[in-house]
Amino acid sequence: MAHKKLLIYQSPISKIAVENRSLLLPPIDQPLAVSRIKRGSFLYKLFHLQLIDHVPEAKDREWWARCRLEHICITPYLTYDLLRIAILAAIFATFMPLPFMLAMMVSGGCIAMCQVHVDRRYRNQTHSNRENLALVRRVVLARTLHLAVLNAIALFNAPADLLIVLVPIAVMLMWIEAVALLAIPRAAVLSAAINGLAILIPMSLAGTATAAGAAMVAVASFFTIHWAVFHLHYMFATRRLRTRKLTEANDTIQLLLNQYDQDGSDWLFECSEKGRILRPSPRFCEAAGQTAETLEGMQLLDLFYDSPERDELRLMGGQDQSFQRLVVPVIIDRKKRWWSISARKVTSSDGERRYWRGFVADVTRARAAEEKVTYMAHYDVLTDLPNRALFNSSVSRAFARRKDNGLVAILAIDLDHFKQINDSFGHAGGDRALRQAGERIEALARPGMLVARIGGDEFAVLIEGPASREQVIAFADTVVEAMNDPVEIEGQKAQLGACVGVAFAPADGTSGDEVMQAADLALYQAKANGRRAAVLFDKSMQERFQERRKLEVDLRSALVRGELQLHYQPLVDTQTTQVVGYEALLRWNHPVRGSVSPDEFVPIAEETGQIVSIGAWVLREALAEASRWPDHLTVSVNLSPVQTRGGADLYTTIVQALAASNVSAHRLELEITETVLMQENQETIALLHKIRALGVQIALDDFGIGYSSLNYLRAFPFDKIKIDRRFVGDMAVREDSDAIVRAVIALATQLNMRTTAEGVENTEQLERIRETQCTQLQGYLFSRAVPAEQLTHRQATFERMQTSPIAHLSANRVRGNSGAEQRHSA
Ligand code: C2E
Ligand code: CA
Ligand code: CA
């Protein structure tokens, strides 16, 4: 905008009418004469030239003064002045008197001396440029006045025929002076005005036609000079000031770019249109590990090794469009790095060449982080096996490309004792076990099989294509076998073991989801069977699963709807056969199914975690019932491993239930199974000690069915051992069972623990047990579990039974017929 205003030439006079404050030059730059002219007067308008739009900044004034001085001082004024005086003197001498000539020579000498002074001051730099410029202005004024006065007198006195020579010389000098001074335009215009007047005045007085013509030439010259000076100064000023601004800007940019190259991880680069590197920066050389000489002129593409990304870069280089952040791999010092390149095509300032300019960033770190994130999204970091997400997508893909009769098999694998390993060896140990398990499965897998870790201790295998059904089954068996070998953790061997569920497409399902669910159900069945084995899916599993689902849903509301009930089964003293207490056993009276066995619903409640609230209810209910019994009768309550895992919650529940019922703690007996101790860790043991410290008795239930039961006797000082009913039942028929029961009872007696023989059903068993030191008996021979209101503890003794236990048993059965127990008994 500013330039535009300047470029349109307006007559200096009309232009002056345009109000413009900013253009008043600072006083020091104003020639004295001009600054004294009255504002708004014609002279003011004439000399106050609005020449430049950009007043130099304060810091640039000195530089600006120097520019102008340099320009003025190009003219060798001293020589010029001497030459001028000499020529004029030669002409004037023909018609002027001697005194004039002498005065002219003397004053000319003075002016020359002034000029010598100016030149010296300029050369020696003794004064500031602005001071020098002010001096120059004064000397210019003096020289101009000197010449003008001499000229005017000479022209006035000149013979008419000489005017034809003198006037052109005077006009020529007027031009030379003004143009030479274009760097100080007001001085130039003033000089033109004075020189013009020196012609105009004598010519007007002469009154001849030639003189009148000469006067008009002087006036016209003045205005033309005014116009010329305006333009020339404009060009001079804008060029100098603009060049300065550009240089400054360039310097700043260069500085910033250098900084950018040095500090950043990015660097700039230039390439010819053909892709040859131009002027590589030090940062570029350093990043590329090459010298500037090697890089200069080298094909940019040659830096990168053959890769799809490099091909893309080549493609981009062949086009005209700019490109952004193209990430290309590069090998530097035998290490792979990633460079992100952005570039655009530019045209050189002369408009002749086209070349690429852009910047490169080393994004190796970001790229590595990105790769890690992608890896973690698809792989399990611990085992380096594909994770569930990748397994699922692989299954989907396998089903998408499966041909009509193509076989796809899925194996679901679950480790058996992972939790125990985790508890005894800590998480690091657990991780090692998982890694070893993963490695074993992976080692067995053949090409075309995908092994994945899909959860905590769950693995899965996807088998596609040529394998036959038999091969898949054989593979599943080898997995089970391989897992039977103990794993080694911190130099110790630990038993792992695995169950495997196998399902096939198309037999067991046609979609990935269906087959995976089938494999899960088969696995579930394998676990329920309790043996380390591979189980094939069959349709009945689906039905059972759905049944179970329904039960699960119903169980959720069972407690609130009051469908749960406790039955009580007496424990009798072996010697006296008096009832010493009762075991509380849960019953679920399902509105549709009738009585549901705890063997069926307790595992569901454990799986869903409902056993915690149900168990708390059992404790409160059983203790509330026991509070109505004679003080010598104990109450036994079964605890689930899930409850003991709850820790502090269980303890609080027990304390609150005891407090609420007002039953003394020693009358409460808690029955736990080996499974509670299998999750053996310090916390569980500590919790049991804490409970026992309340005075509560702790019994080990179902003793003998686990394979390392004896070990658990050392883990905790139980008050009682309950020998599992399967051993008691077998006593009469199997010699070894009989021996085991006797040995266990002997051992417990030695350890100061009481014993209960469970499941005593007939007198033969009774007699055999009576031969031992077994403390208590429990079983159908005495009574089934019955509702609280049918409890016979009022009779307090089963003495009759001693004479006829069978009679008693049948009597019991008759009584049980009316109760819910009957439906439940199997
Ligand atoms: P358990 O703790 O071993 O309970 C004894 C089981 O043996 C009871 O079965 C009882 O009815 C049965 N029984 C008693 N005498 C004889 C006999 O002479 N012959 C035979 N064949 N069986 C006899 P029930 O009531 O079906 O309970 C099964 C299991 O359910 C219990 O086994 C216990 O593990 C669990 N359970 C029952 N109530 C609860 C409870 O409140 N909480 C927890 N966590 N589990 C419970
Ligand atoms: Ca029990
Ligand atoms: Ca038992």
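The structure we're discussing is the one just above.
Residues numbered from 1 in each chain as written. Chains lettered and ligands numbered in written order. Predicted model: local features only at pLDDT ≥ 70, side-chain atom pairs only at ≥ 80, totals over all residues. Heavy atoms only, no water.

(A) Layout of the coordination of the calcium ion (ligand 2). Within the protein, Glu 583 (OE), Asn 638 (OD1), Glu 671 (OE) and Asp 701 (OD) serve as the donor atoms for the calcium ion (ligand 2), at 2.1 to 2.3 Å. On the primary sequence, the residues serving as donors to the calcium ion (ligand 2) are separated as E-x54-N-x32-E-x29-D. A spacing of 3.9 Å is found between the calcium ion (ligand 2) and the calcium ion (ligand 3), which share Asp 701 as a donor. In this pair, Asn 638 sits in strand β16 (residues 634–638) while Asp 701 sits in strand β18 (residues 697–703), placing the two residues 63 residues apart along the sequence. (Donors = N, O, S within 2.8 Å, 3.2 Å for Na, K, Ca; no water. Helix = DSSP H or I, 4+ residues; strand = E, 2+ residues; numbered from the N terminus.)

(B) How the structure looks around the coordination of the calcium ion (ligand 3). The protein atoms that coordinate the calcium ion (ligand 3) are Asp 701 (OD), Asp 702 (OD), Glu 758 (OE) and Glu 758 (OE), at distances spanning 2.1 to 2.6 Å. In the primary sequence, the donor residues of the calcium ion (ligand 3) line up as D-D-x55-E. Here Glu 758 falls in the buried class, since its relative accessible area comes to 7%. (Buried < 20%, exposed > 50% of the residue type's maximum accessible area, 1.4 Å probe, protein only.)

(C) Layout of the pattern of salt bridges. Scanning the entire structure with this criterion turns up 41 salt bridges. Between Glu 371 and Arg 367 there is a salt bridge, with its nearest N and O atoms 3.8 Å apart. Here Glu 371 and its partner Arg 367 are both found in helix α15 (residues 364–378), 4 residues apart, which amounts to about one turn of the helix. The partly exposed category is assigned to Glu 371, whose relative accessible area is 43%. In this structure, Glu 758 engages Lys 722 in a salt bridge whose closest nitrogen and oxygen atoms are separated by 3.7 Å. With Glu 758 in the loop between β20 (754–757) and α30 (763–770) and Lys 722 in strand β19 (residues 720–723), this residue pair connects regions lying 36 residues apart in the sequence. Summarising the burial analysis for this pair, Glu 758 and Lys 722 share the class buried. Taken together, the shared-partner salt bridges connect Asp 81, Arg 84, Arg 143 and Glu 177 into one network. (Salt bridge = Lys/Arg side-chain N within 4 Å of Asp/Glu carboxyl O.)

(D) Layout of unusual backbone geometry. Cis geometry marks the peptide bond from Ala 505 to Pro 506, where omega comes out at 5 degrees. Considering the arrangement of structural elements, one finds Pro 506 in the loop between β11 (498–505) and α19 (512–529). One non-glycine residue, Asp 384, lies in positive phi territory at about 65 degrees. Along the chain, Asp 384 turns up in the loop between α15 and α16 (388–400). A positive phi angle, near 55 degrees, is found at Thr 577, a position not held by glycine. Classification of Thr 577 as buried rests on a relative accessible area of 0%.

(E) Focus on the site of ligand 1. Not every one of the 21 residues close to ligand 1 is listed here, only the nearest: Gln 569, Arg 587, Arg 725, Glu 761 and Tyr 780. In the environment of ligand 1, an oxygen atom lies 3.0 Å from a nitrogen or oxygen atom belonging to the side chain of Asp 701. The contact in question runs from an oxygen atom of ligand 1 to an N or O atom on the side chain of Asp 702, over 3.2 Å. Contact with the protein chains removes 88% of the 790 Å² of surface that ligand 1 exposes when unbound. Listing elements by their share of the shell around ligand 1, those giving two or more residues are β14 (579–590), α21 (598–608) and β18. Per-element tally for the shell around ligand 1: the top contributor is β14, with 4 residues. A per-class count over the shell around ligand 1 returns 7 nonpolar, 6 polar and 8 charged. (Near = heavy atom within 4 Å. Polar contact = N/O pair within 3.5 Å; in protein donor to acceptor, adjacent residues only side chain to side chain. Areas by Shrake-Rupley, 256 points an atom, 1.4 Å probe, with all protein chains shown as cover. Nonpolar A, V, L, I, M, F, W, Y, C, P; charged D, E, K, R; others polar.)

(F) Up close: the sheet that holds strand β3 (residues 323–332). Read from one edge to the other, the open sheet built from 5 strands follows the order β2-β1-β5-β4-β3, with strand pairing classed as antiparallel. The sheet is open, and its two edges are formed by β2 (277–278) and β3, each paired on a single side. Note that strand β1 (residues 266–272) and β2 share 2 bridges and pair antiparallel. Of the residues in β2, the one forming a bridge with Cys 271 is Ile 277. Of the strands in this sheet, β3, β4 (335–347) and β5 (354–362) are in contact with helix α14 (residues 308–317), which crosses β3 at around 135 degrees. Against the sheet, α15 contacts β3, β4 and β5, and its axis sits at roughly 120 degrees relative to β4. (Pairing = 2+ DSSP bridges. Contact = heavy atoms within 4.5 Å. Axes fitted to C-alpha atoms, helices over the stretch in contact; angles between N-to-C directions.)

(G) Expanded view of a nonpolar patch on the surface. A contiguous nonpolar patch, built from Phe 156, Leu 197, Ile 201 and Leu 205 and spanning about 430 Å² of accessible area, is present on the exposed surface. At 3 residues, helix α10 (residues 185–206) tops the list of elements feeding residues into the nonpolar patch. Note on Leu 197: relative accessible area 45%, which makes it partly exposed. (Patch = residues over 30% accessible without salt bridge, like charges linked within 9 Å, V, L, I, M, F, W, Y side chains within 5 Å.)

(H) Region of interest: the sheet that holds strand β6 (residues 408–415). Taken in spatial order, the 5 strands make up an open sheet running β7-β8-β6-β11-β12, and their pairing is mixed. Pairing within the sheet leaves two strands with one partner each, and these edge strands are β7 (449–453) and β12 (534–536). The average undirected angle you get between the axes of adjacent strands in this sheet is 20 degrees. Inspection of the sheet shows β6 paired to β11 by 8 bridges, in the antiparallel sense. Following the sheet pairing, Ala 409 is matched in β11 by Phe 504. Its contacts with the sheet place α16 against β6, β7, β8 (458–464) and β11, and it is angled at close to 20 degrees to β8. Running at roughly 165 degrees to β11, helix α18 (residues 469–484) makes contact with β6, β7, β8, β11 and β12 of the sheet.

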